[in-house]
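# Tertiary structure, described
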Amino acid sequence: MTVTRRHATVHNAWIRQFHDPGGDGPVLVCLPHAGGSASAHLPLSAELSAAAEVLIVQYPGRQDRLAEPALGDLRQLADRIAHALLPWRDRPLALFGHSMGSLLAYEVALRLERRRGRPLVGLVVSGRAAPSVPSDRGVHTMDDERLTGHLAELAGTPPALLADRELLATVLPSVRADFRAVETYRDHAGHQVGCPISSYRGTKDAGVSRDGLGKWAGYTTGRWTARLFDGGHFYLQSREREVARAVLQDLAAFTARGTAGPDGRPAGTPAAPTAPAAPARDLAG
């Protein structure tokens, strides 16, 4: 895949760019959920590209990388994504991740900050409790029938897709690998990013408690904030404009205050935009 930067053209299997940036904002890297592909964030890219250079990670084992084996180790994924982002290491960088993508965004941020020797612009984590909160429900050990049922319960996959057994057979291995990556992941004790973190949660997301979301405050030496959206785990899929507006507000705040709050320490200021949830367009978890 060829990705065009402002100053260079980069050949990169991991990175997709669907829209040209319209301004001089930071680079925003989006990391999809378990089972998700780069196209899951296509609408968000359309909304944000006027103010940021939006890059979306494409994991192996899906879409144009279907022939590649999926990786079932979250830290290996983070290592490779961080390496893939090296062409942008001289640019202001922010990360946005949803569900599994939130854990990955945190791990990638740790690596990039270590390599860059300075904090990123900011980190937005959505639909996932902090890394210290266990999430092993044995999903990755389920057989195909039970795994398909679990995806149906999450309400993030179109029923027509779940009913297409031939298509499911091609994508379930990557879905299972993603759940394995999440469920076998163990937290780094005491590891913090230097950039601010903003945490997003659907108010009806039973898998992410307020307490679990609040624990993200301990993963930054900068400022922590939270935003609550009306909806379930996939609240963002039908309300891209509301989510994009929140992301833009956070990017502006990150840039304005640097890596710490006005008082120099992490703080939480929950906001509550409202948007009904809707099914995602991709296999998801």
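What you see is a predicted model; the values in this text were computed from it and never measured. (Residues numbered from 1 in each chain as written. Predicted model: local features only at pLDDT ≥ 70, side-chain atom pairs only at ≥ 80, totals over all residues. Heavy atoms only, no water.)

### Quick notes on helix H3 (residues 100-116)
Short version of the rule: Helix and strand labels come from DSSP, where a helix needs a run of H or I of at least four residues and a strand needs a run of E of at least two; each type is numbered from the N terminus. To estimate how far a helix should reach, multiply one less than its number of residues by 1.5 Å. Residue exposure (1.4 Å probe, protein chains only): buried if accessible area is under 20% of the type maximum, exposed if over 50%, otherwise partly exposed.
The end-to-end C-alpha distance of H3, which contains 17 residues, comes to 24 Å, matching closely the 24 Å that a straight helix rising 1.5 Å per residue would cover. The buried fraction of H3 amounts to 15 of the 17 residues, a majority that puts the element mostly inside the structure.

### Describing the sheet that holds strand S6 (residues 93-98)
The following threshold applies: In short, DSSP must find at least two bridges between two strands for them to pair.
Spatial strand order, S3-S5-S4-S6-S7-S8-S9: seven strands in an open sheet with mixed pairing. Of all the strands in the sheet, just strand S3 (15-16) and strand S9 (224-229) have a single pairing partner and so form its edges. Taken together, the two bridges between S3 and strand S5 (residues 53-57) define a ladder with antiparallel strand orientation. When the sheet's bridge partners are listed, Ile-15 is paired in S5 with Val-57.

### Observations concerning the packing of aromatic side chains
Cut-off, in case you're wondering: Two aromatic rings from Phe, Tyr or Trp, using only the six-membered ring of Trp, form a pair when their centres are within 6.5 Å; if the ring planes differ by under 30 degrees the pair is stacked, by over 60 it is edge-to-face, and anything between is tilted.
One pass over the full model with this rule turns up six aromatic pairs. Measuring from centroid to centroid gives 6.4 Å for Phe-96 and Tyr-200, while their planes differ by 65°, and the two rings are edge-to-face. Pair noted here: Phe-96 is in strand S6 and Tyr-200 is in strand S8 (residues 197-202), with a separation of 104 residues, a long-range link. The pair formed by Phe-96 and Tyr-200 is uniform in burial state, with each residue classed as buried.

### Considering the confidence of the model for the chain
In plain terms, the rule: In predicted models, pLDDT denotes the confidence assigned by the predictor to each residue on a 0 to 100 scale. Residue contacts follow a heavy-atom distance rule, with two residues in contact if any of their heavy atoms lie within 4.5 Å.
Of all residues in the chain, 84% have pLDDT values of 70 or greater, and the mean over the chain is 84. The secondary structure element of the chain with the lowest average pLDDT is strand S2 (residues 9-11), at 57, and the one with the highest is strand S7 (residues 122-126), at 98. Note that residues 259-285 has pLDDT below 50 and, in this model, 104 contacts with residues that lie over four places away or in other chains.

### Details of the side chain of Glu-183
For clarity, the threshold we go by: We call two N or O atoms a polar contact when they sit within 3.5 Å, provided that within protein one can donate a hydrogen and the other can accept it, with sequence-adjacent residues counted only if both atoms are side-chain atoms.
Within the element layout of this structure, Glu-183 appears in helix H6 (residues 165-183). At a separation of 3.0 Å, a polar atom in the side chain of Glu-183 contacts the main-chain amide nitrogen of Val-139.

### A closer look at the pattern of salt bridges
Inclusion rule: A pairing counts as a salt bridge when a side-chain nitrogen of Lys or Arg comes within 4 Å of a carboxyl oxygen of Asp or Glu.
Evaluation of the coordinates by the stated rule reveals twelve salt bridges. For Arg-91, the salt bridge identified is with Glu-53, shortest N-O distance 2.8 Å. Of this pair, Arg-91 sits in the loop between helix H2 (74-84) and S6 while Glu-53 sits in strand S5, and the two are 38 residues apart along the sequence. Here the two residues Arg-91 and Glu-53 agree in accessibility, since each one is buried. Salt bridges here are not isolated pairs; linked through shared partners, they connect Arg-75, Asp-79, Glu-107 and Arg-111.

### As for the side chain of Ser-198
Secondary-structure assignment places Ser-198 in strand S8. Overall, Ser-198 belongs to the buried group, its relative accessible area being 0%. Within the structure, Ser-198 has its side chain in polar contact with the side chain of Thr-225 (distance 3.2 Å). Within the structure, Ser-198 has its side chain in polar contact with the side chain of Asp-250 (distance 2.9 Å). Setting aside its immediate chain neighbours within four residues, Ser-198 contacts Leu-123, Val-124, Val-125, Thr-225, Arg-227, Asp-250 and Phe-254.

### Observations regarding the pairing of S6
Counting buried residues along S6, six of its six residues qualify, which places the element largely inside the surrounding structure. Sheet topology places strand S4 (residues 27-31) next to S6; five bridges connect them, and they run parallel. Along S6, the bridge assignment pairs Leu-31 with Gly-97. Summarising the sheet, S6 and S7 pair through five bridges and their orientation is parallel.

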